[in-house]
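Summary of the model geometry
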Amino acid sequence: MDFHRYHGLGNDYLVVDPRTTAIPVNDQSMRMICDRHFGQGADGILYGPLQEYDDVDLRIFNPDGSEAEKSGNGIRIFARYLLDAGYWNGGMPLNLRTLGGIVRVRVTEDSHFLTVGMGQASFRSRDIPYLSAKEEALADTLTVDGQHYTVNCVSMGNPHCVVPVSRVNRALAESLGPKVEHHPAFPNRVNVQMLEVVDRRNIKIEIWERGAGYTLASGSSSCAAAAVAVRLGLVEHELTVHMPGGDLQISISEGFEVELTGPVISVSSGVFSDEFKSRLGTTGVSVTDK
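Read on for a plain summary of the structure. Just so we're clear, the structure is a prediction, and the values are computed from it rather than from any experiment.

With respect to the overall build of the protein
- Secondary structure summary: the protein contains five helices and 19 strands in total.
- The C-alpha radius of gyration computed for the protein amounts to 18 Å, which stays within 12% of the reference 19 Å derived for 290 residues, consistent with globular compactness.
- Out of the 290 residues in the protein, the part that is buried amounts to 54%.
- A fraction of 62% describes how many contacts in the protein between residues 6 or more apart in sequence connect residues 24 or more apart.
- Of the roughly 12,200 Å² of accessible surface on the protein, a fraction of 48% belongs to carbon and sulfur atoms.
- Positive and negative side-chain charges in the protein, numbering 26 and 36 respectively, have mean positions lying 2 Å apart.

Structure follows, in structure tokens:
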């Protein structure tokens, strides 16, 4: 099989295993495969495993062909694929090496649910990076089209900007999200979350993902929004993040180490036609050696 489709709360990825599938790895081919009209269609591509264990390298590609540092849903999906393919038996925690650092995955009692240690949340402006005079990117003001928004920025190994609102809605995420993503204050662009605090153990978010656009669910976005809400004293350290695609459970330590737990569903496996393969990677900048 050339690809294996899974989703985590409606956030769907294709796993492409280089041990079984030979495709060019460049921004053009990633865009073509993810295109829902001219390709197979997906919210991203998980490319790996790239070597034997113990630490497993995983590359995560956005639909625009750019490479992501981390993805909470993508990491859970890839770990589930490793289980299904027999690379991992789930008996011991698995270390996955991403551009955003090493994450540890373990299986819960139900193998459809996996827990990911996403690392430590950092609110330092330079870690995000966020161009601000403030050392910590909390309760700052960001001006977009003449409007002033209170923002809280955090790195989960990838950059996030959390915008508190009284009531989340998709329209605001789709209108404000791309403007914040490309705001000059974020030299590497940024993932954007609209945050509504429901009570001390529940928050709602709407998401605009860097390189992907409006998204039904996101693991790293859930972690970022939860970390901000905890840091501001609005919620407890154990909470549920509600998104249009479903819910994730988040646990945050006193030192802001973040864990998420959520489901992964296997959807399908398939092959690319020879005609489609011949069209992959004919142009574009190679990212194979990044």
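The structure having been displayed, the exposition proceeds.
What about the pattern of salt bridges?
- Inspection of the entire model under this criterion finds 18 salt bridges.
- Across the salt bridge formed by D43 and R36, the nearest N and O atoms sit 3.1 Å from each other.
- Look at D43 and you get buried, because its relative accessible area is 17%.
- Salt bridges here are not isolated pairs; linked through shared partners, they connect R5, D12, R36 and D43.

So, unusual backbone geometry
- Along the chain, G48 connects to P49 via a cis peptide bond; the corresponding omega equals 5 degrees.
- Note on placement: P49 falls in the loop between β3 (45–47) and β4 (55–57).
- Each neighbour pair has its own omega, and for I128 with P129 the value is -15 degrees, a cis peptide bond.
- Relative to the helices and strands, P129 is located in the loop between β9 (113–120) and β10 (140–144).
- Although it is not a glycine, L9 adopts a positive phi angle of roughly 60 degrees.
- If you trace the backbone, L9 turns up in the loop between β1 (3–8) and β2 (11–16).

Observations regarding the sheet that holds β3
- Strand order in the open sheet formed by six strands is β6-β5-β3-β2-β1-β19, with mixed pairing between adjacent strands. What marks the edges here is a single partner per strand, and that holds for β6 (67–68) and β19 (265–270).
- Pairing of β1 with β19, which is carried by five bridges, proceeds in the antiparallel orientation. When the bridges of β19 are listed, R5 appears paired with S268.
- Its contacts with the sheet place helix α2 (residues 72–84) against β1, β2, β3 and β19, and it is angled at close to 130 degrees to β1.

Some points on helix α1 (residues 27–34)
- Across the eight residues that make up α1, a large majority, seven, are buried.
- Among all positions of α1, only D27, Q28, S29, M30, M32, I33 and C34 are buried.
- Buried-residue contacts for α1 involve β2, β3, β5 (59–61) and α5 (274–279).

Quick look at the pairing of strand β7 (residues 94–98)
- With four of five residues buried, β7 lies mostly within the body of the structure.
- Pairing of β7 with strand β8 (residues 101–107) involves five bridges; the strand directions are antiparallel. The partner of T98 across the bridge, within β8, is G101.

Thresholds applied
Residues numbered from 1 in each chain as written. Predicted model: local features only at pLDDT ≥ 70, side-chain atom pairs only at ≥ 80, totals over all residues. Heavy atoms only, no water. Helix = DSSP H or I, 4+ residues; strand = E, 2+ residues; numbered from the N terminus. Rg over C-alpha atoms; globule rule 2.2 N^0.38 Å. Buried < 20%, exposed > 50% of the residue type's maximum accessible area, 1.4 Å probe, protein only. Contact = heavy atoms within 4.5 Å. Areas by Shrake-Rupley, 256 points an atom, 1.4 Å probe, with all protein chains shown as cover. Lys, Arg positive; Asp, Glu negative; His and termini not counted. Charge placed at Lys NZ, Arg CZ, Asp CG, Glu CD. Salt bridge = Lys/Arg side-chain N within 4 Å of Asp/Glu carboxyl O. Pairing = 2+ DSSP bridges. Axes fitted to C-alpha atoms, helices over the stretch in contact; angles between N-to-C directions.

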